[in-house]
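Observations on the three-dimensional arrangement
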Amino acid sequence: MMLRTRSPALSSALAATLLALGLSCALPCRAEAPKSGAVPALPAIADSARQKILGHLQEVKLARLQGWPSIIFYCPIDEAPTPAIKEICQQSYKTLEEQAVKHKMKFRKAQNLNEVILLPTLTGDLKLVIDLLPSAPSDSASAISATISVLAHYSRAINRALDLPSPEQAQTGHPVMTPQHVDALLWDAAFIKATAGPQSELVAPVIAGINQKLEAFFADYGKANQHQP
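Here is what the cut-offs are and how they apply
Residues numbered from 1 in each chain as written. Predicted model: local features only at pLDDT ≥ 70, side-chain atom pairs only at ≥ 80, totals over all residues. Heavy atoms only, no water. Helix = DSSP H or I, 4+ residues; strand = E, 2+ residues; numbered from the N terminus. Expected span 1.5 Å × (residues − 1). Buried < 20%, exposed > 50% of the residue type's maximum accessible area, 1.4 Å probe, protein only. Phe/Tyr/Trp six-rings, centres within 6.5 Å; stacked < 30°, edge-to-face > 60°. Lys NZ or Arg CZ within 6 Å of the ring centre and 35° of its normal. pLDDT = per-residue confidence, 0-100. Contact = heavy atoms within 4.5 Å. Salt bridge = Lys/Arg side-chain N within 4 Å of Asp/Glu carboxyl O.

**Looking at helix H3 (residues 83-102)**
With 20 residues, H3 should reach 28 Å at 1.5 Å per residue; the first-to-last C-alpha distance of 29 Å fits that figure. Of the residues making up H3, those classed as buried are Ala84, Ile85, Ile88, Cys89, Ser92, Tyr93, Thr95, Leu96, Gln99 and Ala100. After H3 finishes, the residue Lys104 shows a positive phi value of roughly 55°.

Right, here's the structure in full:
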């Protein structure tokens, strides 16, 4: 953790500014009229146009999941810092296997973090990673955040938005023009659960939340690949 400090001069200036604001609002404050250079309000969008936009975004979202033949699962069972996290991972694997079988998707489980990094570069598989971040076991209250990320590894990714680069970007050595190893995020979901008691009270609600998110992902995957042979 980095501790940032302010210089005395900056602190004095900040205090003076806050004091001025406090004095100015001691009397009734009136909202200022927008200046002539203010950003104009967004135009109204018709419901039909909004539905077309949302429909297009959904099509783009599903297109990302189309055609992937197999997937690698990873949840940190062996690295789990608490029994609650280990149990959540074990139950999540069961849901992953059930959903993969239901949607006829080949899958494998990564045994450790090294495998989840290495295998997609060798196999071209998608990878689905469940990240669980618990509060300290010694805390009187408990919380667990869960993030489900579906990623695809690209070994020679280039920013296609720069098809017409500026002279500086056109230089051979510029990073945006150099192919990169990239994990592209195709789908994700996250939530957090908390309780005034121990972590064990969160096992069931976190498992239920993960199951719900996984079912949503595989439903999207099924839609994206429903016309695939």
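**Here we look at the packing of aromatic side chains**
Taken as a whole and judged by the stated rule, the model has four aromatic pairs. Aromatic side chains Phe217 and Phe218 sit 4.9 Å apart centroid to centroid with 70° between the ring planes, which places their arrangement in the edge-to-face category. Each member of the pair, Phe217 together with Phe218, is buried. Ring geometry for Phe217 versus Tyr221: centroids 6.5 Å apart, planes at 40°, classification tilted. Of this pair, Phe217 and Tyr221 are both found in helix H5 (residues 203-224), four residues apart, which corresponds to roughly one turn of the helix. With a relative accessible area of 0%, Phe217 lands in the buried category. By relative accessible area, which is 6% here, Tyr221 ends up buried. Linked through ring pairs, Trp187, Phe217, Phe218 and Tyr221 together constitute an aromatic cluster. Over the ring of Tyr93 we find Lys109, and its NZ or CZ is 4.8 Å from the ring centre.

**Structural notes on the confidence of the model for the protein**
The predicted model of the protein has a mean per-residue pLDDT of 77, with 67% of residues at 70 or higher. Summarising per-element confidence for the protein, the mean pLDDT is lowest in helix H1 (residues 8-24) (41) and highest in H5 (94). Low pLDDT, under 50, characterises residues 1-29; the predicted model gives this stretch three contacts beyond four residues in sequence or across chains.

**Some thoughts on the environment of Pro81**
Position of Pro81 relative to the elements: it lies in the loop between strand S1 (70-74) and H3. Accessibility expressed as a relative area gives 58% for Pro81, which makes it exposed. Sequence separation between Pro81 and Pro134 is 53 residues; the distance between their C-alpha atoms is 8.4 Å.

**Describing the pattern of salt bridges**
Tallied over the entire structure, the rule returns three salt bridges. The partner of Arg108 in a salt bridge is Asp125, and the shortest N-O contact between them spans 3.6 Å. With Arg108 in strand S2 (residues 106-109) and Asp125 in the loop between helix H4 (113-123) and strand S3 (126-134), the pair connects residues that are 17 residues apart, well separated along the chain. Residue class for Arg108 comes out partly exposed when judged on its relative accessible area of 38%. The buried category is assigned to Asp125, whose relative accessible area is 4%. The closest approach of N and O atoms between Lys127 and Asp183, which form a salt bridge, is 3.0 Å. Within this pair, whereas Lys127 is found in strand S3, its partner Asp183 is found in strand S5 (residues 180-195), the two being separated by 56 residues in sequence. The exposure class assigned to Lys127 is buried, which follows from its relative accessible area of 6%.

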